[in-house]
Amino acid sequence: MRFDSRPSSLPAPSPDAAAHSARLLRHVADLLDAAGGWIGFDRYMEAVLYAPALGYYTAGARKLGDAAAGGDFVTAPEISPLFAQALAAQLAQLFTQVPARILEFGAGSGALAHDLIAALRARGIETERYAIVEVSADLAQRQRRLLAHEPAVQWLAAPPAGFAGAIVANEVLDVLPVRLFVRGAAAIFERGVALQEGRLRFEDRPAPADLAQAVAAIEAEAGALPAGYCSEWSPLAAAWTASLAPVLARGVALLIDYGFPRREYYHPQRLMGTLMCHYRHHAHADPLWLPGLNDVTAHVDFTAVADAAHAAGLEVRGYTTQAHFLLNCGLLDRVQAQPAAERLRAAGAAQRLVSEAEMGELFKVLALGRGVDLPLAGFARGDRLHRL
């Protein structure tokens, strides 16, 4: 089997990394053989991200961090502790009504947990319990090293039922496997993956009923899509969100990710969807290149996520941009509170977090709740619930 040629400008993998990707490619080939030569893109995405000991999140390769350290991307908590300090303001308000307990999904390097505990402590709030649900064994090891001195932190194989407190999920929904569809002139097709002469390639097949019905529902709300339009549908994101309902007995869940309301997500001009890959701090759109070495993501349809939460019995309490949320939570005050020698650096980090050209507009914050009666500070200005 051969790899497709490297997208222009991307660095070549090391021999060890290339060999690892070749092993994962053989795993994908076995899946294709067992399925008759074709699998839906969601099965491919699940394999390249989560196949035991082979997938991007399960094989031990470094993911988070700067390029010099071998990382592929950074998240907001790695940019600056300011992110956690602003988030702590929202949690401090919430903890006036619920226990000071936090449940984090996909804790990355552990930076958010580390900085949140410290920021709450600076506010006089001692975290009773900080539980982490993490699917990546190597990231869990990094988290354990960083948080070894925090007795409140524990790792769970699955979320608990009847949780009271705050749930945090930063960049979790975007890495749930998605299905790809293509709008034909008279029919809907599902885009999947096949092998041809040892190379992975996309192949379209008539969409099954569930996918065709999902696209019909999208068009009923967002408008007719042009022929050739390709995008994603993420039933897993909706199902994951609905699964929070039996977990959250009382409190608020904050889902932070990049995405749009449905009418913006499926805009007719977004002809090729939102599928994106991250490799050594380069973004590209070829998920078939070097499987296992790339983070593969899709933006979040926040309308679908909010609908799933509401149908499961959760309250949709707020929806806004990351910029509005952080500013509402006192981000600029935190910058000014830095020592004079650190203030310029902090201002630069804050700019990355809130600038429309960086993370401020593309990233959104969705609040889901149950049993809490207070106006959430992070959504005081700029709430966009009416757009969902």
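An account of the accompanying structure is given in this report. Only a predicted model underlies this, so the values are computations on that prediction, with no experimental measurement involved.

### A closer look at the overall build of the protein
When helices and strands are tallied, the protein shows 13 helices and 16 strands. In terms of C-alpha radius of gyration, the protein reaches 21 Å, essentially the compact-globule figure of 21 Å for 388 residues. Viewed in the frame of its principal axes, the protein has a C-alpha envelope of about 65 × 50 × 40 Å. When contacts within the protein are restricted to residue pairs at least 6 apart in sequence, those whose partners lie at least 24 apart make up 77%. Working note: accessible area of the protein is about 16,000 Å², and carbon and sulfur atoms make up 54% of it. Separation of charge centres in the protein, based on 35 positive and 40 negative side chains, amounts to 3 Å.

### Some thoughts on the layout of surface pockets
If you add up the space inside the largest pocket, you get close to 1,000 Å³. What lines the largest pocket is a set of 49 residues, and nearest its centre among them are Tyr57, Phe73, Thr75, Glu171 and Asp174. Secondary structure elements with two or more residues in the lining of the largest pocket: helix H3 (76-79), strand S2 (101-105), helix H5 (111-122), strand S11 (276-279), strand S12 (282-284) and strand S13 (295-297). The dominant element in the lining of the largest pocket, judged by the number of residues it contributes, is H3, at three residues. Its residues assigned to classes, the lining of the largest pocket comprises 27 nonpolar, 12 polar and 10 charged.

### A closer look at the pairing of strand S4 (residues 153-156)
Bridge count for strand S3 (residues 129-133) against S4 is four bridges, and the pairing is parallel. The residue bridging alanine 131 from the neighbouring strand is glutamine 154, located in S4.

### Some thoughts on the pattern of salt bridges
Summed over all chains, the structure comprises 15 salt bridges. As a salt-bridge pair, arginine 121 and glutamate 126 come within 2.7 Å of each other at their nearest N and O atoms. When its relative accessible area of 36% is taken as the criterion, arginine 121 is described as partly exposed. We note a salt bridge from glutamate 219 to arginine 183, for which the minimum N-O separation is 2.7 Å. Separated by 36 residues along the polypeptide, glutamate 219 in helix H7 (residues 209-222) and arginine 183 in strand S6 (residues 179-183) bring together distant segments of the chain. Classification of glutamate 219 by relative accessible area gives buried; the value is 15%. Residue classification places arginine 183 among the buried residues on the basis of a relative accessible area of 15%. Among the ionic contacts, a cluster of salt bridges with common partners joins Glu221, Arg262, Arg263 and Asp301.

### Points about the sheet that holds S11
With antiparallel pairing, the three strands of this open sheet are ordered in space as S12-S11-S13. Each edge of the open sheet is held by one strand with a lone partner, namely S12 and S13. This sheet shows a mean twist of 25° between the axes of neighbouring strands, independent of strand direction. For S11 and S13, the ladder comprises three bridges, and the chain directions are antiparallel. Looking at S13, one finds that methionine 276 is bridged to threonine 297.

### Some words on the packing of aromatic side chains
With the rule as written, the count across this model stands at 12 aromatic pairs. Arranged with centres 5.0 Å apart and planes meeting at 85°, the rings of tyrosine 279 and tryptophan 289 form a pair that is edge-to-face. With tyrosine 279 in strand S11 and tryptophan 289 in the loop between S12 and S13, this residue pair connects regions lying 10 residues apart in the sequence. As far as the burial class goes, tyrosine 279 and tryptophan 289 line up, both buried. Seen from the ring of phenylalanine 202, arginine 191 lies directly overhead, with NZ or CZ sitting 5.8 Å from the centre.

### Considering helix H10 (residues 302-311)
For H10, the buried fraction is high: seven of the 10 residues fall into the buried class. Every buried residue belonging to H10 is among Phe302, Thr303, Ala304, Val305, Ala306, Ala308 and Ala309, and all of these are buried.

### Here we look at unusual backbone geometry
In the Ramachandran plot, alanine 53 falls in the positive-phi region, its phi being about 65° despite a non-glycine side chain. Relative accessible area serves as the criterion here: at 56%, alanine 53 is assigned to the exposed category. At leucine 290, a residue that is not glycine, the phi angle is positive and equals roughly 45°. Considering the arrangement of structural elements, one finds leucine 290 in the loop between S12 and S13. Of the residues examined, leucine 290 reaches a relative accessible area of 3% and is grouped as buried.

### Re the environment of proline 151
Structurally, the position occupied by proline 151 is in the loop between helix H6 (137-146) and S4. Each C-alpha atom of the pair proline 151 and arginine 201 lies 49 Å from the other, and the pair is 50 residues apart in sequence.

What counts, and at which threshold
- Residues numbered from 1 in each chain as written.
- Predicted model: local features only at pLDDT ≥ 70, side-chain atom pairs only at ≥ 80, totals over all residues.
- Heavy atoms only, no water.
- Helix = DSSP H or I, 4+ residues; strand = E, 2+ residues; numbered from the N terminus.
- Rg over C-alpha atoms; globule rule 2.2 N^0.38 Å.
- Contact = heavy atoms within 4.5 Å.
- Areas by Shrake-Rupley, 256 points an atom, 1.4 Å probe, with all protein chains shown as cover.
- Lys, Arg positive; Asp, Glu negative; His and termini not counted.
- Charge placed at Lys NZ, Arg CZ, Asp CG, Glu CD.
- 1 Å grid on protein atoms, 1.4 Å probe; cavity = no way out; pocket = protein on both sides within 12 Å on 5 of 7 lines; lining within 4 Å.
- Points joined across faces, edges and corners; volume = space filled by probe spheres on them.
- Nonpolar A, V, L, I, M, F, W, Y, C, P; charged D, E, K, R; others polar.
- Pairing = 2+ DSSP bridges.
- Salt bridge = Lys/Arg side-chain N within 4 Å of Asp/Glu carboxyl O.
- Buried < 20%, exposed > 50% of the residue type's maximum accessible area, 1.4 Å probe, protein only.
- Axes fitted to C-alpha atoms, helices over the stretch in contact; angles between N-to-C directions.
- Phe/Tyr/Trp six-rings, centres within 6.5 Å; stacked < 30°, edge-to-face > 60°.
- Lys NZ or Arg CZ within 6 Å of the ring centre and 35° of its normal.

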